[in-house]
Amino acid sequence: MSRVLEGSLDGAGLRVCLVVSRWNEFVTRKLLEGAERMLRERGVADGDVTVAWVPGAFEIPTAAKWAASSGQFDSVICLGAVIRGETAHFEYVAGGAAEGIREVAMETGVPVIFGVLTTDTVEQALSRAGGKDGHKGEEAAQAAIEMANLRRQLAPS
Ligand code: INI
């Protein structure tokens, strides 16, 4: 029989840092609200949740690195919204954020969750922030809990 490991969705005792970008705050605030709501529903204590605001998605990896390296958090959740219609350098901002976030996770071993929307339009972004296409903030919070709990089994410190 295989030994199967799976991270539970019980957030009790987990310490989580949310790194949120202020660009397109009308979207990122919805992502944040959904993530905070889901963390609370899953048992993460309010006092164990830290929110760090950064100017834009491009700055998310830097702050995520500080948080992930600090030893203070079991998971880091990155929330942002890069919308193509508004920038000629969409690829650089979105690609920089995605690549940077991945790097931080790989370098530190701390789960760093990608909750950055990359869409063509404002409508698409809003529909993924609690509209008809679900809630990326809530999904990111669940992924953060699951990965932190899986890490405890796979890489106990
Ligand atoms: N930052 C975003 O988070 N979303 C965007 O859509 C965006 N646009 O459109 O340019 C954006 N740009 C700012 C960027 O993230 C940096 O904050 C800025 O370049 C300073 O480094």
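Draft legend 1. Geometry of the site of the ligand. Inspection of the region around the ligand gives 14 residues, with Trp 23, Ala 57, Phe 58, Glu 59 and Ala 81 positioned closest. Taking Phe 58, its main chain carries an N or O atom lying 3.1 Å from an oxygen atom of the ligand. For the ligand, whose free accessible area comes to 460 Å², the fraction covered by protein is 80%. The greatest single-element share of the shell around the ligand, amounting to 3 residues, is contributed by strand 3 (residues 75–83).

Draft legend 2. Here's a closer look at the sheet that holds strand 2 (residues 49–54). With parallel pairing, 4 strands are arranged side by side in an open sheet as 2-1-3-4. The sheet is open, and its two borders are formed by strand 2 and strand 4 (112–119), each paired with just one other strand. The average angle at which neighbouring strand axes cross in this sheet is 15°, direction not considered. Pairing geometry for strand 3 and strand 4, over 8 bridges, is parallel. Bridge pairing links Leu 79 to Gly 115 in strand 4. Strands strand 1 (16–21), strand 2, strand 3 and strand 4 of the sheet are contacted by helix 2 (residues 60–69), whose axis makes an angle of about 175° with strand 3. Here helix 3 (residues 90–108) sits on the sheet in contact with strand 3 and strand 4, set at roughly 170° to strand 4.

Draft legend 3. Spotlight on the packing of helix 2 against helix 3. The geometry of helix 2 relative to helix 3 is characterised by a closest axis approach of 8 Å and an angle of 15° between their N-to-C directions. Taken together, the axes of helix 2 and helix 3 are roughly parallel relative to one another. Considering how the two elements wind past one another, helix 2 and helix 3 form a crossing that is right-handed. Each of Ile 60, Pro 61, Ala 64, Lys 65, Ala 68 and Ser 69 in helix 2 lies in contact with helix 3, whose residues at this interface are Gly 96, Ala 97, Gly 100, Ile 101, Val 104, Glu 107 and Thr 108. Residues of the contact of helix 2 with helix 3, tallied by class, amount to 7 nonpolar, 4 polar and 2 charged.

Draft legend 4. Representation of the environment of Ala 64. Locating Ala 64 in the fold gives a position in helix 2. Distance from Ala 64 to Ala 148, taken between C-alpha atoms, is 15 Å for residues 84 residues apart in sequence. Discounting residues that sit within four places of it in the chain, Ala 64 has contacts with Val 19, Val 76, Cys 78, Val 104 and Val 112.

Draft legend 5. Just the nonpolar core, in detail. Counting 24 residues, the largest nonpolar core has Leu 18, Val 27, Leu 39, Ile 77, Leu 79, Leu 117 and Ala 141 as the members making the most contacts within it. Elements that contribute at least two residues to this core include exactly strand 1, helix 1 (25–41), strand 3, strand 4 and helix 5 (136–154). Setting aside its immediate chain neighbours within four residues, Ala 141 contacts Ala 35, Met 38, Leu 39 and Ile 77. Within the second largest apolar cluster, 23 residues are counted, among which are Val 54, Ala 63, Ala 68 and Ala 97.

Cut-off values and rules
- Along each chain, numbering runs from 1 in the same order as the chain's sequence is written.
- Local features are withheld for residues below a pLDDT of 70 in this predicted model, meaning they are given only at 70 or higher, and side-chain atom pairs are given and counted only at 80 or more; totals for whole chains, interfaces and linings count all residues.
- As a rule here, side-chain values cover all heavy atoms of the structure and leave hydrogens and water aside.
- Proximity criterion: a residue is near a molecule or strand once any of its heavy atoms comes within 4 Å of it.
- The definition of a polar contact used here is a pair of N or O atoms within 3.5 Å, where within protein one atom must be able to donate a hydrogen and the other to accept one, and adjacent residues in sequence count solely through side-chain atom pairs.
- Here the Shrake-Rupley method, with its probe set to 1.4 Å, supplies the accessible areas, and only the displayed protein chains count as covering residues.
- Runs of H or I in DSSP of at least four residues are treated as helices and runs of E of at least two as strands, each being numbered from the N terminus.
- By definition, two strands form a pair when at least two bridges between them are found by DSSP.
- To get an axis, fit a line to the C-alpha atoms, keeping to the stretch in contact for a helix; angles then go from 0 to 180 degrees between the N-to-C directions.
- Whether two residues are in contact is decided by their heavy atoms: any pair within 4.5 Å suffices.
- Geometric relationships in this document are graded by angle, where less than 35 degrees denotes roughly parallel, more than 145 denotes roughly antiparallel, 65 to 115 denotes roughly perpendicular, and other angles denote oblique.
- What makes a crossing left-handed is the near helix being turned counterclockwise from the far one by less than a right angle; a clockwise turn instead makes it right-handed.
- Asp, Glu, Lys and Arg are counted as charged, while Ala, Val, Leu, Ile, Met, Phe, Trp, Tyr, Cys and Pro are counted as nonpolar; the rest, among them Gly, fall into the polar class.
- Nonpolar core, defined: a set of buried Ala, Val, Leu, Ile, Met, Phe, Trp, Tyr and Cys residues in which side-chain atoms within 4.5 Å join the residues together.
- Only protein chains enter the accessibility calculation, which uses a 1.4 Å probe. A residue is then buried if its area is under 20% of the maximum for its type, exposed if over 50%, and partly exposed in between.

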